[in-house]
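# Reading the structure
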Amino acid sequence: MNKIVGIVSGKGGVGKTTLCANLAFALAGMNKKVMVIDGDLNLKNLDILLGMTDNTVFDLTDVLSGGCRLDKAVVSHESYPNLHFISAPAGPVSVPRGIEKFGDLCERLKEAYDFVLVDAPAGVGGWVRTIIKSCDECIVVATPDLTSLRDAQRMSQITAEYGIKARLVLNRVVPKMINRGLLSNVDDMMDSISLPLIGLLPLDEKIIVYSNSGRPAVGSDSVCSEPFRNIARRLCGQKAPLGKYWRKNKK
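Quantities reported herein were computed from a predicted structural model and do not represent experimental measurements. (Residues numbered from 1 in each chain as written. Predicted model: local features only at pLDDT ≥ 70, side-chain atom pairs only at ≥ 80, totals over all residues. Heavy atoms only, no water.)

## A short note on the side chain of histidine 77
- Tracing the sequence through the fold places histidine 77 in the loop between strand S3 (75-76) and strand S4 (83-86).
- According to the relative accessible area criterion, histidine 77 is buried, its value standing at 11%.
- A distance of 3.0 Å separates the side chain of histidine 77 from the backbone nitrogen of serine 79, its partner in a polar contact.
- A distance of 3.3 Å separates a polar side-chain atom of histidine 77 from the backbone nitrogen of tyrosine 80.
- Apart from the residues within four sequence positions on either side, histidine 77 is in contact with Phe25, Leu50, Met52 and Leu83. (Helix = DSSP H or I, 4+ residues; strand = E, 2+ residues; numbered from the N terminus. Buried < 20%, exposed > 50% of the residue type's maximum accessible area, 1.4 Å probe, protein only. Polar contact = N/O pair within 3.5 Å; in protein donor to acceptor, adjacent residues only side chain to side chain. Contact = heavy atoms within 4.5 Å.)

Given below as structure tokens:
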């Protein structure tokens, strides 16, 4: 079944865009046809992580406003031919013209792609809600700090308001800090947000290297490589282990 999946977070800086890019790489590596949409209309960044900065001419707002045909805004990844991308605009846009057409656009793309991944901006504003309502499922991204967990809890409530299925990714998990009692354990973090877990990503300093170079952490020496793949597998309905850092910290 083809899916529209929103990658969302209440708080910025939690690794949402990094997850979106590497989830796209992982799914494309599984021979899935993937469309990735940069929905952050004010802070365009997904093109950097995908290594597609110089590839785009038209963007999402051009399509929504009728300024160009959909096929003119869609670009293909050089190394992953089944991974396609629609960029956010170069400059900030408060409310895009044709915003009411976004849901229809996603449904059109859903007919042609196994997965449509939408990287939403942080927060709970009107555009974010439009994205959420257009999705079949959302992945809420949070880190172990209390401010992020609180904002993820609010995002969980919003997805529930719209009847959208949501699952949780905990990013930058540090087992040693959890074991020393400096951070809540994973079970408590899940309980505070009231969402089922789809993935755990350990803290890894190498992620910034791959992100800055536009290369996937999937298939690399990053400790997040296999966890990214496992999230992709679970998104496809497959079973996959949560990893040693889960078993170590589970009570």
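## Points about the pattern of salt bridges
- Per the counting criterion, the structure on display carries 10 salt bridges.
- For glutamate 161, the salt bridge is made with arginine 154, and the minimal N-O distance between the two is 3.5 Å.
- If you follow the salt bridges from partner to partner, you end up with Lys3, Glu137 and Arg167 in one network. (Salt bridge = Lys/Arg side-chain N within 4 Å of Asp/Glu carboxyl O.)

## A word on helix H11 (residues 225-235)
- The buried count for H11 comes to eight of 11 residues, which makes it a mostly enclosed element.
- Of the positions making up H11, those classed as buried are Ser225, Pro227, Phe228, Asn230, Ile231, Ala232, Arg234 and Leu235.
- Positive phi appears at glycine 237, one or two residues downstream of H11, with a value of about 90 degrees.

## Looking at the packing of aromatic side chains
- Summed over the entire model, instances satisfying the criterion amount to two aromatic pairs.
- Judged by centre distance (5.1 Å) and plane angle (70 degrees), the ring pair of phenylalanine 102 and tryptophan 127 falls under edge-to-face. Highlighted residues: phenylalanine 102 in helix H5 (residues 102-112) and tryptophan 127 in helix H6 (residues 126-133), separated in sequence by 25 residues. Both residues of the pair, phenylalanine 102 and tryptophan 127, belong to the buried class.
- It is lysine 33 that lies over the ring of tyrosine 113; its NZ or CZ is 5.0 Å from the centre. (Phe/Tyr/Trp six-rings, centres within 6.5 Å; stacked < 30°, edge-to-face > 60°. Lys NZ or Arg CZ within 6 Å of the ring centre and 35° of its normal.)

## Some thoughts on the state of the cysteines
- The final tally for this structure, using the stated rule, is zero disulfides.
- Free cysteine cysteine 135: the closest other cysteine sulfur is in cysteine 138, separated by 4.5 Å. (Disulfide = S-S within 2.5 Å.)

## Details of the pairing of strand S2 (residues 34-38)
- Within S2, five of the five residues are buried, which leaves it mostly tucked inside the rest of the structure.
- The two faces of S2 match: Val34, Val36 and Asp38 on one face and Met35 and Ile37 on the other face are all buried.
- Strand direction decides the pairing type here: S2 and S4, joined by four bridges, are parallel. Paired with valine 34 across the two strands is leucine 83, which belongs to S4.
- In this sheet, strand S5 (residues 115-119) lies alongside S2 in parallel orientation, the contact comprising five bridges. The residue of S5 that forms the bridge with aspartate 38 is aspartate 119. (Pairing = 2+ DSSP bridges.)

## A short note on the environment of asparagine 45
- Tracing the backbone shows asparagine 45 in the loop between S2 and helix H2 (46-50).
- Distance from asparagine 45 to threonine 18, taken between C-alpha atoms, is 9.7 Å for residues 27 residues apart in sequence.
- For asparagine 45, the contacting residues outside a window of four places in its chain are Thr17 and Asp38.

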